[in-house]
Amino acid sequence: MLFTADHDEPRRVLQKFIASEINPHVDEWEKAQIFPAHELFKKLGDLGFLGLNKPIDYGGQGLDYSYALMMAEELGTIRCGGVPMAIGVQTDMATPALARFGSDELRREFLAPAIAGDMVACIGVSEPGAGSDVAAIKTSAVSDGDDYLINGGKMWITNGTQADWICLLANTGDGAKHRNKSLIVVPMKSKGVTVARKLDKLGMHSSDTAQIFFDEVRVPKRNRIGEEGMGFTYQMLQFQEERLWGAAACLKAHDLTIADTIDYTRNRKAFGHSILDNQTVHFRLAELQTEVEALRALVYRAAEAMLAGEDVTKLATMAKLKAGRLGREIPDACLQFWGGMGFMNETAVSRAYRDARLTSIGGGADEVMLGVLCKMMGTLPGMGQT
């Protein structure tokens, strides 16, 4: 069984924290289009939630991945998508490679304060010309003695305007595109790092997202995570955790969207009876809830496989794909049942509609997930032919 009685107390603490420290402020943060990351992350760090499955030597709890998955699922009860996403970047996107492959010195300098909530992290992979096509990135880190000189730019960087450091994927050689990249920790206050602009997005309003430029940024080579040229491999491993986290974080968010819609349609009257009394409405909501449970089963299966040390590329990719599809299907179907109120920014279902749309794009678009699965199934054109 994935969750046991040992998960109950941290789950209760996190639920209480979300109810008291996050949800009362969500509307304010959405309107401001930013939330106080340092303040919130410090509180989460003090409670131990920024390093549940990170090494004890650097302030983590040293627990297995089931606890991180539990946290991801509970973050879905936050009444917006931006804040959970920002937390997930800190815990499951910018730090896994550092925790696994970083030197002791690098982990003490950057991982430990990220776990404590004293530093905010971001992940720098996507570029204007290289989103899902990670191998096509152009940002370079050229060797100069004991340093790298970094030039280029990154796009759609969550936490980008508030981050203290970025886990940057850059080309450190001229070889094959899957073997010429490295992950490098770059302090955001380094000379030559410029936050060009805070991006205006369709949804995820409370999460600050930036475009960042690097102009002759000098960083010591000791800031490289693991071996030179292994960055693409490390990032692919990091992606599996990110994609599974993203799928898990959708579960309770979708539960809430469906529950909100049931409550609204039950109380909204039209033509002499409640909207919910229409068979097309209550049947559709039953179908949608079934889809959420199917996704939950897939996420749990993938997590159990990860805990068993298995390669979860296929299952995590499937979970991410299904989560992306449901992120479009569930809010869209529910919004329709709200009628005119569904088109109002003040309603939770319209926020869900905007926020959940990103799931099919971020962390690898649906089409990339399908390509990965087809490759694993041997059905891509040209595969298996002589």
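All of these numbers come straight from a predicted model, not from anything done at the bench. (Residues numbered from 1 in each chain as written. Predicted model: local features only at pLDDT ≥ 70, side-chain atom pairs only at ≥ 80, totals over all residues. Heavy atoms only, no water.)

**A closer look at the overall build of the protein chain**
- Counting secondary structure elements, the protein chain contains 12 helices and 10 strands.
- Scaling as 2.2 N^0.38, a compact globule of 386 residues should have a C-alpha radius of gyration of about 21 Å, and the protein chain matches this with 21 Å.
- Structurally, the protein chain occupies a C-alpha span of about 80 × 60 × 45 Å along its principal axes.
- Contacts in the protein chain between residues at least 24 apart in sequence constitute 74% of all its contacts with a sequence separation of at least 6.
- Carbon and sulfur atoms provide 53% of the accessible area of the protein chain, an area that totals close to 17000 Å².
- Within the protein chain, the 49 negative side-chain charges are centred at a point lying 3 Å from the centre of the 42 positive side-chain charges. (Helix = DSSP H or I, 4+ residues; strand = E, 2+ residues; numbered from the N terminus. Rg over C-alpha atoms; globule rule 2.2 N^0.38 Å. Contact = heavy atoms within 4.5 Å. Areas by Shrake-Rupley, 256 points an atom, 1.4 Å probe, with all protein chains shown as cover. Lys, Arg positive; Asp, Glu negative; His and termini not counted. Charge placed at Lys NZ, Arg CZ, Asp CG, Glu CD.)

**What about the domain arrangement of the protein chain?**
- Here the protein chain is partitioned into domain 1 (5-120), domain 2 (122-228) and domain 3 (233-377).
- A straight line from the C-alpha centre of domain 1 to that of domain 3 covers 22 Å.
- Where domain 1 abuts domain 3, roughly 2400 Å² becomes buried across the two surfaces, and 60% of that area is made up of carbon and sulfur atoms.
- When residues of domain 1 are sorted by the area they lose upon contact with domain 3, Tyr65, Glu73 and Arg79 head the list and together hold 29% of the total.
- In this structure, the connection of domain 1 to domain 3 is made through 6 salt bridges.
- Residues arginine 79 and aspartate 260 are paired through a salt bridge, measuring 2.6 Å at the closest nitrogen-oxygen approach. (Domains from an automatic or database assignment. Buried area = accessible area lost by both parts, 1.4 Å probe. Salt bridge = Lys/Arg side-chain N within 4 Å of Asp/Glu carboxyl O.)

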